[in-house]
2 protein chains.
Amino acid sequence: MITGKNYLGKELSNDGEVQFRTFNPIDNKETEPTFFEATREEVNMAVGKAAKAFEVYKKKSDLEIAEFLEAIATELEADAEALKEIYRTESGLPEARSNGEFTRTVNQLRAFSEMLKDGSWVDAIISNPEGKPDIRRMQIPFGPVAVFGASNFPFAFSTAGGDTASALASGSPVIVKSHPLHAGTGELVSRAIVNAAIKTGMPDGVFSNLNSKGIEVGEWLVKHPKIKAVGFTGSYKAGVAIEKLAANRPEPIPVYAEMGSVNPVVALPSSLEQKSDDWSEQYAGSITAGCGQFCTNPGLILAIESPALDSFIEKLGTKLSKVAPSVMLSPEIQRQFEAAKSEVLSQDGYNQINKFDGDLQPNYGRQEVISVSGESFLQNSAFHKEVFGPFSVVVKCKDKDQLNEVLRNMEGQLTGTILSADQQELQEYNDIIESLRETVGRIVYNNVPTGVEVCAAMTHGGPFPATSNAKFTSVGLTAVQRWVRPISYQDWPDELLPEALKSSNPLGILRNVNGRFTTDSL
Amino acid sequence: MITGKNYLGKELSNDGEVQFRTFNPIDNKETEPTFFEATREEVNMAVGKAAKAFEVYKKKSDLEIAEFLEAIATELEADAEALKEIYRTESGLPEARSNGEFTRTVNQLRAFSEMLKDGSWVDAIISNPEGKPDIRRMQIPFGPVAVFGASNFPFAFSTAGGDTASALASGSPVIVKSHPLHAGTGELVSRAIVNAAIKTGMPDGVFSNLNSKGIEVGEWLVKHPKIKAVGFTGSYKAGVAIEKLAANRPEPIPVYAEMGSVNPVVALPSSLEQKSDDWSEQYAGSITAGCGQFCTNPGLILAIESPALDSFIEKLGTKLSKVAPSVMLSPEIQRQFEAAKSEVLSQDGYNQINKFDGDLQPNYGRQEVISVSGESFLQNSAFHKEVFGPFSVVVKCKDKDQLNEVLRNMEGQLTGTILSADQQELQEYNDIIESLRETVGRIVYNNVPTGVEVCAAMTHGGPFPATSNAKFTSVGLTAVQRWVRPISYQDWPDELLPEALKSSNPLGILRNVNGRFTTDSL
């Protein structure tokens, strides 16, 4: 049963006056029950509990935290059906997606659990050459983390998503500001986390979940002196606002904001000449997947003018017309999508690639792709902006130089993709690839950018404004690096060193000892 | 010969009107020649050259850059005597210090050179399990870096210091804003770097050196859109100003500002009971070393009231009185030292530990240590502030709880030190150690905090306000991490991958391949 209350640690609380409901975009009506927005006192209480919990939690061993993460996965699985149902109700996302995202979320928790069992993630470095001080360094957590749930991933980028999983793995308590569109999903996921914390003996306050429809709860959290870092996935506007808030605190704190991207795709001539059937099919799917509500949605396809490009555009149009429109996450997101699209479509100098004449049910997103010349694109920045939803721009560059000019003027992106059917051609377009690489966090060959693998080698990040900090990823195991800092022990007595740094290497982890990586004892 | 000109890449330039001289604090007079402050156009030219150089420099192999760093060390050594002489003239620092800092600087360049020869620093991670995309990640540089020279380390934290060495190692061009106190040293060091760049075929603009006495040159640099990161060592005020400037750019960039610290030392009872002779001797030396002008100067000594503490204080006072005062870096630094000290000494409730009644030569710093009660310290934040120079405060806490209260209210610090003659005692004071650890980047056992080893395990950093970013160090090999970001290649053709990620592992570096660290090929 969903109570509509906040989790302050393990306690349910609803002291506030402000109430709101979530919305079922398919039925086009509000859902039950009512949620209580957290008050300032409740925010302070959650942060106070988190700060106190940190004193205990940071001393838990990696194995204990691994069990906690595993227990969260188990608790989620035990409640899987109810979770997926409320997920679908609040997001309008289809069953296959609810299954896929759920699996991804529990697998992600288990991946961090495995990382902790291995233990080498603390990057232990020992320098003690003859005649020099003995210095030993490792990564440690530095305090409670605020996580903002994302509208478009109620499981994988929200309450128990990558930010929470990586922060808990690092030894940092987490306070989630639940996304108002899926507060019910958030509460059920929170219950699983709280139950797992109780069952594995984690301190009260290691996790809290705060409801909020407005912006105050988030602001209070970011400004609270005991919050030490922030994870965010959402819009550029909100991300930059949070970043500025954090930078202007008396004690600035790091904000890891993933703010989206247009994810340029460069279709080299051979790909259009030889594979236009394949790519038009795959891109019609990628543009409309999740109703375009992915941060890795391909919003920009770049190519050099040619008959093959015209033919690709025609095929893409035909295939897009055959995709049944789907429901967006909320009436407001659908409204914003239409507004952003209208702004682009009010410009001069584009061609509409596809047409959809039928009527749409409320909250459905009508996919739309346009083409513009390279010149129009360079002259009009309205064509550069991310339109969150199933909308893309194909840029017809007049030659390779113009293509390169477009890329060199591009802002930071999460991903960039190169399509080619000829590896010889790649050599020839090396400068194009180089320009793209400078702009992105992940560079993809012959695929669609949608789909973000959770693995150690993933970078889901990229230069500003794709994220606020290009040095880190929000997906994959290295996401844990966001929540830790190094400390060095100098000439410290062995018995008082953390296990990871003791001479005998009791954890058997991989360490850099005087430049040699080894699991040996000293 | 020192020309007083700026290095814009390899070209000497003096277009500006504003001129200044450096100062010999021992002779108490200006030195020859006149330096020309860089104009806005010269700043733009240096940055333009750096941006262009980046296109070439980022493609240099690690081995080529290793040769460049090695060549800088060799060029410096070839000009060692002239360098040390101008260093001493401009800083007033003694011969032993000029020798030590010079050696440290060339060794540091060679340490980064060795790191590049090993090649594993790029943190290559490969994830390609059966049936999943092949994703390969490594660290890459992201553009020109601005480095601000530090007043107190003309060699090791300035023109060819740790920031420059680590940034050049990462593949990032560097523009130094030379410190006005040692512009001559800066020019000679720059000449060595430029010569090394020419001899090893590095692109023009890989390094520039700008003179400036005011703040505009630094501001222009930090705000220039093609500058992508900043390294700074200096005051809190300047560091925070630079950080805010960078955070409020249209594209925010990372600032690594090391802003100093009071470096608390906790003397546990046994250390005072059994070792007060030793520690009073060592701390009289550490407090006055370099005339107290070290960021790791022990500005705060904390202990619990006892007869042994009183005896330690008395011995410290006696020993301090025997240390001959030394010259400070400049009249202005001496003036600021006296002003900051006077502010503290105008407070109520302290005792003066040492006295120095003799007259001082101009620009000399009079060492001074006071003691206050724990209560006075907690109530009066004037006692907490860093006084840059040979000044320290001994805090006499009434008990362990008060000592812990002092530590728990302490701002971030570069270092913290525990003195103890009894490892049993350390267990008993575990909560004190824990509180100290939360506050610092390096925790030292039974030593003085002055002296920062250049090694892979060093953290010369710490929570705000010691630095602007506790996640990184400005000393030691991992300092290179500040100037790079990750990129992931997905399903990329092997022949187009960077060497570090190719399946055959042609560089033979250590890589994380599906969770296993190995130098093997795939």
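Every value quoted in this text rests on a predicted model; they were computed, and no experiment measured them.

Another aspect to go through is the sheet that holds strand E8 (residues 135-141) of chain B. The strand order across the open sheet built from 12 strands is E17(A)-E19(A)-E20(A)-E15(A)-E14(A)-E21(A)-E22(A)-E23(B)-E8(B)-E7(B)-E24(B)-E25(B), with neighbouring strands paired in mixed fashion. Every other strand in the sheet has two partners, leaving strand E17 (350-352) of chain A together with strand E25 (516-518) of chain B as the edge strands with one partner each. Each adjacent strand pair in this sheet contributes to an overall mean axis angle of 25°, direction not counted. Sheet topology places E17 of chain A next to strand E19 (residues 368-373) of chain A; 3 bridges connect them, and they run antiparallel. Residue pairing for E19 of chain A: Asn-351 of chain A is matched across the bridge by Ser-371 of chain A. Sheet contacts for helix H10 (residues 307-322) of chain A: strand E15 (300-304), E19 and strand E20 (391-397) of chain A; angle to E20 of chain A, the most-contacted strand, approximately 170°. This element, helix H15 (residues 430-439) of chain A, spans strand E14 (264-267), strand E21 (413-419) and strand E22 (440-445) of chain A together with E8 and strand E23 (484-490) of chain B of the sheet and lies at about 140° to E22 of chain A.

Superposing chain B onto chain A takes a rotation of 180° plus a shift of 0.0 Å along the axis, which leaves an RMSD of 0.0 Å. On this basis, the relationship between the two copies can be described by a two-fold rotation axis. Closest approach to the rotation axis among the C-alpha atoms of chain B is made by Ala-247 of chain B, whose C-alpha sits 3.5 Å away. Taken together, the interface assignments show that 100% of the residues at the interface of chain B recur at the interface of chain A, consistent with an identical surface on both copies.

Ranked by size, the top nonpolar core spans 201 residues in total, and within it Phe-68 and Leu-76 of chain A together with Phe-68 and Leu-76 of chain B carry the most contacts. In contact with Leu-76 of chain A, not counting residues within four places along its chain, are Leu-83, Phe-102, Val-106, Leu-109, Ala-160, Val-189 and Ala-192 of chain A.

Turning to helix H3 (residues 80-91) of chain B, a few remarks are in order. What sets the pattern is the α-helix's 3.6 residues per turn: residues three or four places apart point alike. Residue and element names in this part refer to chain B. A rise of 1.5 Å per residue sets the reference length of H3, with its 12 residues, at 16 Å; its end C-alpha atoms lie 16 Å apart and thus fit the reference within 8%. Residues of H3 that are buried include every one of Ala-80, Leu-83, Lys-84, Ile-86, Tyr-87, Glu-90 and Ser-91, and no others. Burial along H3 is one-sided: seen end-on, the buried residues are contained in an arc of 165°. Among the exposed residues of H3, those pointing more than 90 degrees away from its buried face are Glu-81 and Glu-85. The secondary structure elements touched by the buried residues of H3 are strand E4 (23-24), strand E6 (35-36), helix H2 (62-78), helix H4 (95-118) and helix H6 (183-199). Once H3 ends, the next one or two residues include Gly-92, with phi positive near 75°.

Let's shift gears to the packing of aromatic side chains. Each aromatic ring pair is summarised here by two numbers: the centre-to-centre distance and the angle between the ring planes. Per the counting criterion, the structure on display carries 26 aromatic pairs over all chains. Joined through ring pairs, the aromatic side chains of Tyr-87, Phe-102 and Phe-155 of chain A make up one cluster. Across from the ring centre of Tyr-429 of chain A, 5.3 Å away, lies the NZ or CZ of Lys-400 of chain A, which sits over that ring. The ring of Phe-153 of chain B carries the charged tip of Arg-97 of chain B above its face, separated from the ring centre by 4.5 Å.

We now examine the domain arrangement of chain A. Residue and element names in this part refer to chain A. Domain annotation for chain A reports domain 1 (6-259 + 472-482) and domain 2 (264-445). For domain 1 and domain 2, the distance between their C-alpha centroids amounts to 33 Å. Of the roughly 1200 Å² buried at the junction of domain 1 and domain 2 (both faces included), carbon and sulfur atoms supply 64%. For the domain 1 face of the interface with domain 2, the top three residues by lost area are Pro-25, Asn-152 and Glu-258, together amounting to 34%. Linking domain 1 to domain 2 there are 0 salt bridges. Our enumeration of links across domain 1 and domain 2 arrives at 3 residue pairs in polar contact (both at pLDDT 80 or more). Split by residue class, the side of domain 1 that touches domain 2 holds 7 nonpolar, 5 polar and 3 charged.

All names here are of chain A. Of note, Arg-136 is situated in strand E8 (residues 135-141). We classify Arg-136 as buried; its relative accessible area is 5%. In this structure the side chain of Arg-136 is engaged in a polar contact, spanning 2.7 Å, whose partner is the side chain of Asp-134.

Another aspect to go through is the environment of Gln-490 of chain A. In this structure, Gln-490 of chain A sits in strand E23 (residues 484-490). With 288 residues separating them in the primary sequence, Gln-490 of chain A and Met-202 of chain A have C-alpha atoms 31 Å apart. Filtering out sequence-adjacent residues up to four positions away, Gln-490 of chain A remains in contact with Pro-133, Asp-134 and Ile-135 of chain A together with Arg-442, Ile-443, Val-444, Tyr-445 and Asn-447 of chain B.

A few words now on the environment of Asp-520 of chain B. Residues and elements named next belong to chain B. Mapping Asp-520 onto the fold places it in the segment after E25. Judged by relative accessible area, Asp-520 falls into the partly exposed class, the value being 44%. Between the C-alpha atom of Asp-520 and that of Lys-237, which follows or precedes it by 283 residues, the distance is 49 Å. Look past the residues within four positions of Asp-520 in its chain and what remains in contact with it is Asn-505 and Arg-511.

A few words now on the environment of Ile-126 of chain B. Note on placement: Ile-126 of chain B falls in strand E7 (residues 125-127). As a C-alpha pair, Ile-126 of chain B and Ile-432 of chain B span 306 residues in sequence and 42 Å in three-dimensional space. The contacts of Ile-126 of chain B, once residues within four sequence positions are left out, are Ala-457 of chain A together with Ile-135, Arg-136, Leu-501, Arg-511, Asn-512, Val-513, Asn-514 and Leu-522 of chain B.

Turning next to unusual backbone geometry. Omega for the bond connecting Glu-32 of chain A with Pro-33 of chain A falls within 30 degrees of zero, at -15°, which places this linkage in the cis form. Take Pro-33 of chain A: it is sitting in the loop between strand E5 (29-30) and strand E6 (35-36). With a phi close to 50°, Asp-123 of chain A is a non-glycine residue in the positive phi region. Take Asp-123 of chain A: it is sitting in the loop between helix H4 (95-118) and strand E7 (125-127). Despite not being glycine, Asn-446 of chain B shows a phi value in the positive range, around 50°. Among the structural elements, Asn-446 of chain B can be located in the loop between strand E22 (440-445) and E23. Take Asn-446 of chain B: its relative accessible area is 26%, and that puts it in the partly exposed class.

About the criteria used
Residues numbered from 1 in each chain as written. Chains lettered and ligands numbered in written order. Predicted model: local features only at pLDDT ≥ 70, side-chain atom pairs only at ≥ 80, totals over all residues. Heavy atoms only, no water. Pairing = 2+ DSSP bridges. Helix = DSSP H or I, 4+ residues; strand = E, 2+ residues; numbered from the N terminus. Axes fitted to C-alpha atoms, helices over the stretch in contact; angles between N-to-C directions. Contact = heavy atoms within 4.5 Å. Least-squares fit on C-alpha atoms with pLDDT ≥ 70 in both. Core = buried A, V, L, I, M, F, W, Y, C linked by side-chain atoms within 4.5 Å. Buried < 20%, exposed > 50% of the residue type's maximum accessible area, 1.4 Å probe, protein only. Expected span 1.5 Å × (residues − 1). Arc of directions from axis to C-beta. Phe/Tyr/Trp six-rings, centres within 6.5 Å; stacked < 30°, edge-to-face > 60°. Lys NZ or Arg CZ within 6 Å of the ring centre and 35° of its normal. Domains from an automatic or database assignment. Buried area = accessible area lost by both parts, 1.4 Å probe. Salt bridge = Lys/Arg side-chain N within 4 Å of Asp/Glu carboxyl O. Polar contact = N/O pair within 3.5 Å; in protein donor to acceptor, adjacent residues only side chain to side chain. Nonpolar A, V, L, I, M, F, W, Y, C, P; charged D, E, K, R; others polar.

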